[in-house]
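Letter by letter, the chains look like this.
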Amino acid sequence: MTAIRKVSKSPWVVHFNCNSCNGCDIEFLACLTPIYDLERFGILHVGNPKHADVLVVTGSVNHRNARVLKNVYDQIPDPKVVVALGVCASTGGVFADGYNVLGGIDKVIPVDVFVPGCAARPEAMIDGILKAAEILETKRRHPETLPAGQPVITRTPTAAAPAV
Ligand code: SF4
């Protein structure tokens, strides 16, 4: 898992389900539980995009929700970073050939980190969010890098989930 550098502010994360089967959403919720404990990295889950620095998105984007996704993205103050959680958010995944599907969320908003997997594992999600927090810090210190630079693609960990 990524070792996070010193950052100037706790990254606040808002989650948006774009068009997912809920599989990745369940795994993201697992990140917030005491087992995976995203908060141990100082990362806070918030419900309002106006309070957030990091947008995590699950599911593919389609003609119907593209405008909503863009609206959520636009409400997040700069600097901000975007994490695509799961293969659907990254490429459209199993929904890519749908008649109304545009593909991955990068068709509508800039993406900083792609986390592959179906569903993406909580360890991979946390790794991706920590990478995003580092990119966010770089954007804070070097605002000329806005908007998103080259996206990062994380590796899916193969380790078994911790015993409950
Ligand atoms: S990547 Fe898999 S688990 Fe995640 S939303 Fe798509 S189909 Fe569901």
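Below is a summary of the structure that appears in this document.

The next point concerns the site of the ligand. The environment of the ligand is made up of Ser-20, Cys-21, Gly-23, Cys-24, Val-87, Cys-88, Val-94, Gly-117, Cys-118 and Ala-119. For the shell around the ligand, the elements supplying multiple residues, two or more each, are helix H1 (23-32) and helix H3 (87-91). Tallied by class, the residues present in the shell around the ligand amount to 7 nonpolar, 3 polar and no charged.

A surface patch of nonpolar side chains, about 260 Å² in accessible area, is lined by Ile-26, Leu-29 and Leu-32. Residue Ile-26 is classed as exposed on the basis of its relative accessible area, which comes to 52%.

Scanning the entire structure with this criterion turns up 9 salt bridges. Here Arg-121 ties to Glu-123 by a salt bridge, and the two come within 3.5 Å at their closest N and O atoms. When its relative accessible area of 24% is taken as the criterion, Arg-121 is described as partly exposed. By relative accessible area, Glu-123 is classed as buried at 12%. One salt bridge in this structure joins Glu-137 and Arg-140, with 3.7 Å as the shortest N-O distance. On the criterion of helical spacing, the pair formed by Glu-137 and Arg-140 is a turn pair, its members being 3 residues apart in helix H4 (residues 122-141). Each of Lys-9, Asp-53, Glu-137, Arg-140 and Arg-141 takes part in a single network of salt bridges with overlapping partners.

How each quantity is defined
The residue numbers shown here count from 1 along each chain, following its written sequence. Predicted model: local features are reported for residues with pLDDT of at least 70 only, side-chain atom pairs are reported and counted for 80 or more only, and whole-chain, interface and lining totals are derived from all residues. In computing side-chain properties, one takes all heavy atoms of the structure into account and sets aside hydrogens as well as water. Here, proximity means that at least one heavy atom of the residue falls within 4 Å of the molecule or strand. Runs of E in the DSSP output that reach at least two residues are strands. Runs of H or I that reach at least four are helices, and both are numbered from the N terminus. In the scheme used here, Gly and all other residues not listed as nonpolar or charged are polar, with Ala, Val, Leu, Ile, Met, Phe, Trp, Tyr, Cys and Pro taken as nonpolar and Asp, Glu, Lys and Arg as charged. What goes into a patch is any residue over 30% in relative accessible area without a salt bridge, connected to like charges within 9 Å or, for nonpolar side chains (Val, Leu, Ile, Met, Phe, Trp, Tyr), within 5 Å. Computed by Shrake-Rupley with a 1.4 Å probe, the accessible areas treat only the displayed protein chains as cover when residues are assessed. Here, a salt bridge means any Lys or Arg side-chain nitrogen found within 4 Å of an Asp or Glu carboxyl oxygen. Residue exposure (1.4 Å probe, protein chains only): buried if accessible area is under 20% of the type maximum, exposed if over 50%, otherwise partly exposed.

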